[in-house]
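Breakdown of the fold
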Amino acid sequence: MFQHQTIHGEKLNAPLGKIVCVGRNYAAHAKELGNEVPSSPLLFIKPATAAVELEKPFSIPSDMGSVHHEVEVALLIGKTASAITEDNAWDYVSHVGVALDLTLRDVQDKLKEKGQPWEMAKAFDGSCPLTSWVPLSQIRDKNCIQIRLERNSEMKQDGYSDQMITSIPKLISYISQFFTLQAGDVILTGTPAGVGPLHSGDVVKATLDARYEFSSKVL
Ligand code: ZN
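Scope of this entry: the structure provided in the associated data block. (Residues numbered from 1 in each chain as written. Predicted model: local features only at pLDDT ≥ 70, side-chain atom pairs only at ≥ 80, totals over all residues. Heavy atoms only, no water.)

Brief notes about the sheet that holds strand 11 (residues 154-160)
In space, the 4 strands of this open sheet follow the order 11-10-14-15, with antiparallel pairing throughout. The two strands at the open ends of the sheet, each matched to only one other strand, are strand 11 and strand 15 (212-217). Ignoring which end each strand starts from, the neighbouring axes of this sheet average 15 degrees apart. (Pairing = 2+ DSSP bridges. Helix = DSSP H or I, 4+ residues; strand = E, 2+ residues; numbered from the N terminus. Axes fitted to C-alpha atoms, helices over the stretch in contact; angles between N-to-C directions.)

This is the structure:
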């Protein structure tokens, strides 16, 4: 079972329930996959069994086609609520981290063709490597959070949260109209452009807010 902990090594008691994700939240990423920008947030959920520690070597499926990295700003929910308003949405976020929304891109393309749900491509075991958590109070500007991903020392993804189509407060409010957010739940806020395949042996380095670095390796 995944255990939340802070970058200071402090274990957090709230259990991980669900991971609510948004697709196509950066225009440049929607474009690189040839997708339309949706008129309202496109939501999907990963179960708690998708989560693994990003800072430890992690494995990816080897026989289901390409596995893409999507680096994303992750938000840890600090207290339970539903129908949250945009104005006080940040009150429900206790920490910020980085997630890799691992995606079986070939499987997803087939599902999209048939108009079927994405779960098999997005919610499989190990599909959500998550870092330890930075307290929200340590983020310099929560309206402009930088996220980056290097693969084998090459910069692949680099984005700022102010480029999101739906801002973080709007996203939290929207999600909570459908799903009660419980303490320990996680929100993934969408990926900037530059997604691409991961392979066994790759070294990845994610950077949050230009100063928190998280490195790992694909087994
Ligand atoms: Zn994603």
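Details of the coordination of the zinc ion
Donor atoms from the polypeptide that coordinate the zinc ion comprise E70 (OE), E72 (OE) and D101 (OD), at 2.0 to 2.1 Å from the metal. For the zinc ion, the single-chain donor residues occur in sequence as E-x1-E-x28-D. Placement of E72 in strand 5 (residues 71-77) and of D101 in the loop between strand 6 (93-100) and strand 7 (103-104) is noted, with a sequence separation of 29 residues between them. Each of the two residues, E72 as well as D101, counts as buried. (Donors = N, O, S within 2.8 Å, 3.2 Å for Na, K, Ca; no water. Buried < 20%, exposed > 50% of the residue type's maximum accessible area, 1.4 Å probe, protein only.)

Here we look at the packing of aromatic side chains
For the structure shown, the criterion picks out 3 aromatic pairs. Here the aromatic rings of F44 and W118 are separated by 5.7 Å at their centres, their planes lie at 55 degrees, and the arrangement is tilted. In this pair, F44 is assigned in strand 2 (residues 42-47) and W118 in the loop between helix 2 (105-113) and helix 3 (119-122), connecting sequence segments 74 residues apart. Accessibility expressed as a relative area gives 9% for F44, which makes it buried. (Phe/Tyr/Trp six-rings, centres within 6.5 Å; stacked < 30°, edge-to-face > 60°.)

Side note on the pattern of salt bridges
If you walk through the whole model with that rule in mind, you get 13 salt bridges. We note a salt bridge from D101 to K122, for which the minimum N-O separation is 2.8 Å. Here the residue D101 occupies a position in the loop between strand 6 and strand 7, and K122 occupies one in helix 3, the gap between them amounting to 21 residues. In this structure K122 comes out as buried when scored by relative accessible area, which is 2%. A salt bridge links D202 to R151, with the shortest nitrogen-to-oxygen separation between them at 3.9 Å. Highlighted residues: D202 in the loop between strand 13 (196-197) and strand 14 (203-208) and R151 in strand 10 (residues 146-151), separated in sequence by 51 residues. You'll find D202 and R151 in the same group, each marked buried. A network of salt bridges, in which partner residues are shared, links K46, E70, D101, R105 and K122. (Salt bridge = Lys/Arg side-chain N within 4 Å of Asp/Glu carboxyl O.)

Thoughts on the nonpolar core
Of all hydrophobic cores here, the largest spans 45 residues; its most connected members are L75, I172 and L208. Contributing elements (two or more residues each) for this core: strand 1 (18-23), strand 5, strand 6, strand 10, helix 4 (168-178), strand 14 and strand 15. Ignoring any residue separated from it by four or fewer positions in sequence, one finds L75 in contact with W90, V93, H95, V96, W133, I168, I172, D185, V186, I187 and T189. Grouped together as the second largest cluster of nonpolar side chains are 18 residues, L16, I19, F44 and A74 included. (Core = buried A, V, L, I, M, F, W, Y, C linked by side-chain atoms within 4.5 Å. Contact = heavy atoms within 4.5 Å.)

Quick word on the state of the cysteines
Tallied over the entire structure, the rule returns 0 disulfides. For the unlinked cysteine C21, the closest cysteine sulfur is that of C128, found at 6.2 Å. Classification of C21 by relative accessible area gives buried; the value is 0%. The exposure class of C128 is buried, given its relative accessible area of 0%. (Disulfide = S-S within 2.5 Å.)

A few points about the sheet that holds strand 13
With respect to topology, 3 strands assemble into an open sheet ordered 7-4-13, the strand pairing being antiparallel. At either end of the open sheet lies a strand with only one pairing partner, and these are strand 7 and strand 13. Looking at chain direction, strand 4 (residues 67-69) and strand 7 are connected through 2 bridges and run antiparallel. Counterpart to H68 in the pairing with strand 7 is T103.

Some thoughts on empty space enclosed by the protein
Inspection of the entire model under this criterion finds 1 cavity of 30 Å³ or more. For the largest cavity, the calculated volume is near 110 Å³. The wall of the largest cavity is formed by 17 residues, among which G23, R24, H29, E70 and W118 lie closest to the centre. Among the elements of the structure, strand 1 and helix 2 are those that each provide at least two residues to the lining of the largest cavity. The element that contributes the greatest number of residues to the lining of the largest cavity is helix 2, accounting for 3 residues. The residue makeup of the lining of the largest cavity, split by class, is 4 nonpolar, 6 polar and 7 charged. (1 Å grid on protein atoms, 1.4 Å probe; cavity = no way out; pocket = protein on both sides within 12 Å on 5 of 7 lines; lining within 4 Å. Points joined across faces, edges and corners; volume = space filled by probe spheres on them. Nonpolar A, V, L, I, M, F, W, Y, C, P; charged D, E, K, R; others polar.)

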